[in-house]
Amino acid sequence: MVERLVRGPTSVTELSRPLAMSLPAVMQHLQVLEACGLVSSEKAGRVRTCRIEPAALRTAEAWIASQRTAWETRLDRLGDYLAEAGDDDTQGS
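Everything in this summary refers to the structure shown in the same document. Since the structure is predicted, the reported quantities are computational estimates derived from the model, not experimental observations. Throughout this description, residue numbers start from 1 for each chain and increase along the sequence as written. Selection of residues for local features in this predicted model requires a pLDDT of at least 70, selection of side-chain atom pairs for listing and counting requires 80 or more, and totals for whole chains, interfaces and linings are taken over all residues. With hydrogens and water set aside, each side-chain value is computed from the structure's full complement of heavy atoms.

A short note on the pattern of salt bridges
Reasoning step 1: Think of a salt bridge as a Lys or Arg side-chain nitrogen and an Asp or Glu carboxyl oxygen that are within 4 Å of each other. Tallied over the full model, the rule gives 2 salt bridges.
Reasoning step 2: E14 is the partner of R17 in a salt bridge, and the nearest nitrogen-oxygen pair spans 2.0 Å.
Reasoning step 3: Each residue gets one of three labels from its accessible area relative to the maximum for its type: buried under 20%, exposed over 50%, partly exposed in between, using a 1.4 Å probe on protein chains only. Taking the relative accessible area as the measure of exposure, E14 reaches 42% and is therefore partly exposed.
Reasoning step 4: One salt bridge in this structure joins R51 and E42, with 4.0 Å as the shortest N-O distance.
Reasoning step 5: Owing to a relative accessible area of 29%, R51 belongs among the partly exposed residues under this scheme.
Reasoning step 6: Residue classification places E42 among the partly exposed positions, given a relative accessible area of 48%.

Dropping the structure here:
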């Protein structure tokens, strides 16, 4: 949903078309995205149009990037530890 909305505003009906879920399920997902500020919507007549909130998306992107850096550092340390442990095992034989 977020990927589609990044391309521009769209109606809930259009947004739900390629998804293998019911319209009520799509609405529930959109409610979660709206509650966290990533998406906004407005209703004109019978059509509800959704759009991405760029500032919120940038904030989420920054948080994900910071988490990625932290996890890469941890995984690098784990890799170093496992490499050392493997070297110790082959030297002890």
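Now that the structure has been shown, we can carry on.
Considering the nonpolar core
Reasoning step 1: Side-chain atoms within 4.5 Å link the members of a nonpolar core, which is a set of buried Ala, Val, Leu, Ile, Met, Phe, Trp, Tyr and Cys residues. By size, the foremost hydrophobic cluster in this structure holds 10 residues: L5, V12, L15, V26, L30, L33, L38, V39, C50 and I52.
Reasoning step 2: A helix here means a DSSP run of H or I that spans at least four residues, while a strand means a run of E at least two residues long, and both kinds are numbered starting from the N terminus. Where this core is concerned, the elements lending two or more residues are helix 2 (12-16), helix 3 (23-35) and strand 3 (47-52).
Reasoning step 3: Looking at this core, the element that brings in the most residues is helix 3, giving 3 residues.
Reasoning step 4: Whether two residues touch is decided by their heavy atoms; if any such pair falls within 4.5 Å, the residues are in contact. Beyond its immediate sequence surroundings of up to four residues, I52 is in contact with V2, L5, V6, L38, V39 and L57.

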